[in-house]
Every structure is written in structure tokens, then in C-alpha cells.
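Inside the fold
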Amino acid sequence: MGLAMVNSRCLVGLQAPAVTVEVHLANGLPSFTLVGLADTEVKEARERVRCAIQNAGLSFPSNKRITVNLAPADLPKDSGRFDLPIAMGILAASGVVDAAAMAGHEFAGELSLSGELRPVRGALAMGMALAAQDSPLRLVLPMDNAMEAAWVPNIRVHGAQHLRDVVQAFAPDADKADWPVLTAAPPSPVPSGVDMAEVKGQAGAKRALQIAAAGGHSVLMIGPPGSGKSMLAQRFAGLLPAMDLTQCLESAAVASLVGRFSAQDWGRRPVRSPHHTATSVALVGGGSPPRPGEISLAHHGVLFLDELPEFSRSALEALREPLESGRITISRAAQQAEFPARFQLIAAMNPCPCGHQGSVLKVCRCTPDQVARYQGKLSGPLLDRIDLHVEVPSLSAQALLHTPPASSSQSLRSDCQAALARAVQRQGHANHLLQGKTLDNLARTPQAQQLIERAANRLGWSGRGTHRCLRVARTVADLQGHDLIEADDVAEAMQYRPLW
């Protein structure tokens, strides 16, 4: 009889809880049993592991009763990440590898029938879990995943191409010091090739986007077709300040959960632009096991929703809580998963069904009832959560062809970075996160205080709307270099409240 235990990890949201793979070999009728709340992909590991061990030139204990337990038993497990730890557990129980040496390592990787290691989802999440726990354990991963996980500081990672490589490293007579620990520096982010200077005119919309970038605010652009809303949104990410290491790791870890991460995207703000036919599950996440949606894939980046009223009502209303909290909790009968969702919403819409209401180039033929129904697709609570509402008018041919280039994204970004630095130095975070006493105690002149009180009373703002106007005014003051919020800052912020 033989018993071996191998360390691994599963994925629950962005968390990577520890899993112990217990393998027991006993005499009896030959069988291969796998228990521990394993999903279908995990149960299919029996055939992959058997073929991989045999094709690697190793002996599979076909005459034994094999029992594999994935502990804890009440934690759901999915994907093929447990192929490698199951195989190493069987070989350790058979005496092929040194079980004592494996105790200081965690294993994850999918096996092909030939024994080659294939990458799995969530390598960065596993590395971040080890770093958060300050664990002395080392990760053993497929080479592609190992290079990815090595970007997490203060962890030790080994990479392998084939099952034989791992077996040789843990053979009883192997020198463990010969297996190098991977060290990899994250690649330098490549700047976006699109520039805000390419957008002609639209000074008001550019100003609103600059305020949004400096304070982390959400934006709704309203204008006729072809006025430049999509061009502005596509260039907005170029105004955002550079991400720090923690933000880079969190953004990359979410992309790694769905297998969409690539080294070329490191350090670049994610930009997600789902089609308006996307469901609420596609936007906020879901499924069984829960997977991140578009709002989580846009974590620390931009979520661009074009043709906003064309999205389903349920999908739009699902955005209300994440816009406030910066995270989404998905509850299912078997488990609960939480994903980060600190994104900036950039939305665009037409003012009416035909799109030409208020245009000087074409006549709108929509009736007032049609306009009201179209605009009524967006609920008041959702509009109240969007900080900046800005009109993007259509441009004449003369203005489009003869307007000189405006400020570049680089120059606008420098102003945004300076404003954000002021906010961080003052309160430790961007202005869109202001709340509680910090928000109430914002320094402002008496004229600014009177102006915002009169505006809130006469325009019927909700408490949330008043606070959002105050946050935007603080960002405007930071862009202007004002220590106090002045009346001019409040007046500019008032322009961006909902238009209806």
C-alpha cells in the first residue's frame, strides 16, 4: 500500500484556495476512483493521467486500486489543472518520485496523452495567492504559465514542458538544486497607437473625458451618428495614468482566469466594448462555475457601451451596484464568487431613435412620444450613477476638414496625472472614491457652497447626484490647481449632470 499527498490550488473567483490531492494505492480489484466534488473535466483526468504516465515511459500501477481525493471535499473543482498533481501523486505513492521532496511544492497543469504539459487558467491568481500568504511553497507549472506567474514578486516558480521533466526533478537521486527558479521581468507596456489629436473639434467632450480620466469618473456621451463618440471613447484609455504593479497584476489575473491574457497586454489599460446584444451574465459574469464578465475583464480599465439604450434593461440595471462598489458578487447554490470590477464606464447614445434631434445637418422626424420612450430605456438610478453627461454635436464639413489638430493624448495625460497626484497626496485615492466624512469635509469657498446648495434644491438632485457633482468639482479644481473648490469649479461640474 502507498499514500501520497500533493499540494495544488483551485479557482473560486479571483481567489485560489489550497487543495490537497491525496492518492492511495491498495491491493484489490484494479480501479481508478476520483472523489472530492470534482467536475466533469476533473473526472476525465483519469484517462489523461493514465495515458500520459505510460507514454512518458513510466510504469502505471494498473494492478492496484487507486483512490484520489481532492480535499477539502466541499470545495468545487473544475478544469484540467489537477492532471499534473494527480499524476505526481500516483508516482509518489508508487515510489517513482520522492514524496518528501514534493512537500514543499504546489503543482498545476493539464496533461496531454503524450505527457506534454498544457497551460491552465489562473496562473497569476495562484501566484498572487502564494504571495499574499507569504508561503514558502514553490509553484510547478507548465512553461507558458510559469513565465506568467514569475512576474508576481516574492514567489519561486519552476517551469516544465513534459511530465518527464517534473519526474526527473523529483527522482529519489535527483539534485534539487539543478532545477532553476524562473525569474522574469514584466515587459514594458507599448503605448496605444491612437491619439486624441486625431479627433477634430469636440472641445467640450474632450474636456469631459479629461476630467473623467483625472478623477476616475464615468461618462455618457449623447450625440447624433457620426459626431465622433466612438472615436473619443476609443482614445480615452490613452488619457489614463499608468497602472502600478498591483493594478497590473490584478488586471492580468482577471484576464488569466478566462485564458485571454497575453504578454503584449501587460501594463495596458484593458478596453472592453461588448455588443449591445450582450446579456446581463455576459456583462457582470455568471455561469457554473462562476466566470468573470465584461465589467471584471475591464478592471482598472475602460468599459465602452455604444448604443447604450439598445442594451437590455436587465443588463443595464445589473451595472448599478458594480458602478458604486467596484466589485461583483455572484451567488450560486453551490458556491459564491467575488470578482473585482473597478472600471470606468464610457457610454454613448443617440438623442432619439433617428439620432438627429438637435442636429443642424439633418431634420429629426421623431415624435415626442418616440423620443421619450427611447430615452426612457435608461432608468433614473442608472443615469444618476454616471458622473458626466456631455453632448457631442455633429460637425459641419468645413469644421471637419479645416480644424487644426488639437492637443495630443500625451499632453492631456500629463495634466490628468498631475491632477490625480494632487488627489492621492490629499486623500490617498482618486476623487471618484470620495465618500463619508472625507467627502463632507472637502474644502470649498462659501460661494461654491452656496452655488451647489441652490443647484441641488432647484434642480431636484438626489443625495447621490449632489455628491457626484461635488466629486467632479473637486477633480475640476485639481485640474485647475486650486486648493479649494471654487464657484467656477462647481459651475463647470453642474454642466455635466443628467440632461433629462
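Below is a summary of the structure that appears in this document. (Residues numbered from 1 in each chain as written. Predicted model: local features only at pLDDT ≥ 70, side-chain atom pairs only at ≥ 80, totals over all residues. Heavy atoms only, no water.)

**Focus on the overall build of the protein chain**
The criterion, for reference: Comment: elements are numbered from the N terminus, with helices defined as DSSP H or I runs of at least four residues and strands as E runs of at least two. Per-residue accessibility, obtained with a 1.4 Å probe over protein chains only, is compared with the maximum for each type, and a residue is labelled buried under 20%, exposed over 50%, and partly exposed between these values. Think of it this way: Lys and Arg go in the positive column, Asp and Glu in the negative one, and His and the chain ends go nowhere. Where a charge lies is defined by one atom per residue type: Lys uses NZ, Arg uses CZ, Asp uses CG and Glu uses CD.
Regarding its fold elements, the protein chain presents 22 helices and 18 strands. For the protein chain, the spread of C-alpha atoms along the three principal axes comes to 85 × 45 × 45 Å. Evaluated residue by residue, the protein chain yields a buried proportion of 51% over its 500 residues. Considering the protein chain, the positive charge centre built from 47 side chains and the negative charge centre built from 45 side chains are found 4 Å apart.

**Overview of the state of the cysteines**
Threshold: Our working definition of a disulfide is a cysteine sulfur pair at a distance within 2.5 Å.
Counted according to the given criterion, the structure contains zero disulfides. Considering cysteine sulfurs only, Cys416 is the nearest to Cys248, which forms no disulfide, with 18 Å between them. The thiol sulfur of Cys364 is not disulfide-bonded, and the nearest other cysteine sulfur, from Cys352, lies at 3.6 Å.

**What about the pairing of strand β4 (residues 65-71)?**
The line we're drawing: DSSP bridges decide pairing: two strands pair if at least two such bridges lie between them.
The sheet contact formed by strand β2 (residues 18-26) and β4 spans seven bridges and is antiparallel. The residue bridging Leu25 from the neighbouring strand is Ile66, located in β4. Sheet topology note: the strand β3 (residues 31-35)/β4 ladder contains five bridges and is parallel. Its bridge partner lying in β4, Phe32 is registered against Ile66.

**Section: the pattern of salt bridges**
Our working definition: Any carboxyl oxygen of Asp or Glu that lies within 4 Å of a side-chain nitrogen of Lys or Arg is treated as forming a salt bridge with it.
Counted under the stated rule, the structure contains 18 salt bridges. Note that Glu106 is salt-bridged to Arg9, the shortest N-O span being 2.8 Å. Of this pair, Glu106 sits in strand β5 (residues 105-107) while Arg9 is found in strand β1 (residues 2-9), placing the two residues 97 residues apart along the sequence.

**A look at the packing of helix α5 (residues 123-133) against helix α10 (residues 245-257)**
In plain terms, the rule: Note on geometry: axes are C-alpha line fits, over the in-contact stretch for helices, and angles between N-to-C directions span 0 to 180 degrees. Under this scheme an angle from 65 to 115 degrees is roughly perpendicular, one under 35 degrees roughly parallel, and one over 145 degrees roughly antiparallel; angles in between are oblique. Whether two residues are in contact is decided by their heavy atoms: any pair within 4.5 Å suffices. Here the term charged refers only to Asp, Glu, Lys and Arg, the term nonpolar to Ala, Val, Leu, Ile, Met, Phe, Trp, Tyr, Cys and Pro, and the term polar to all other amino acids, Gly among them.
Contact geometry of α5 with α10 gives a least axis separation of 7 Å together with a crossing angle of 135°. Compared by their axis directions, α5 and α10 come out oblique. Together, Ala123, Leu124, Ala125 and Met128 of α5 and Leu249, Glu250, Ala252, Ala253, Ser256 and Leu257 of α10 make up the contact between the two elements. Its residues assigned to classes, the contact of α5 with α10 comprises eight nonpolar, one polar and one charged.

**Points about the side chain of Arg474**
The cut-off we apply is this: Polar contacts here mean pairs of N or O atoms no more than 3.5 Å apart (in protein, one a potential hydrogen donor and the other a potential acceptor; neighbouring residues in sequence count only if both atoms are side-chain atoms).
With respect to the secondary-structure elements, Arg474 resides in helix α21 (residues 463-480). Classification of Arg474 by relative accessible area gives buried; the value is 1%. There is a polar contact of 2.7 Å between the side chain of Arg474 and the backbone oxygen of His482. Among all residues touching Arg474, those that are not within four sequence positions of it are Arg426, Asn431, Leu434, Leu442, Ala443, His482, Asp483, Leu484 and Ile485.

**What to know about the packing of aromatic side chains**
Under the convention used in this document: Aromatic rings from Phe, Tyr and Trp, taking only the six-membered ring of Trp, are treated as a pair when their centres fall within 6.5 Å; an angle between ring planes under 30 degrees marks them as stacked, one over 60 as edge-to-face, and anything in between as tilted.
For the structure on display, the rule yields five aromatic pairs. Ring geometry for Trp151 versus Phe261: centroids 5.8 Å apart, planes at 80°, classification edge-to-face. Taken as a pair, Trp151 in the loop between α6 (143-149) and β9 (157-160) and Phe261 in the loop between α10 and β11 (271-272) lie far apart in primary sequence, 110 residues in all. Residues Trp151 and Phe261 agree in their burial class; the two are buried. Clustering of aromatic rings is evident, with ring pairs tying together Phe107, Phe170 and Trp179.

Any functional reading would require information that these geometric values do not contain.
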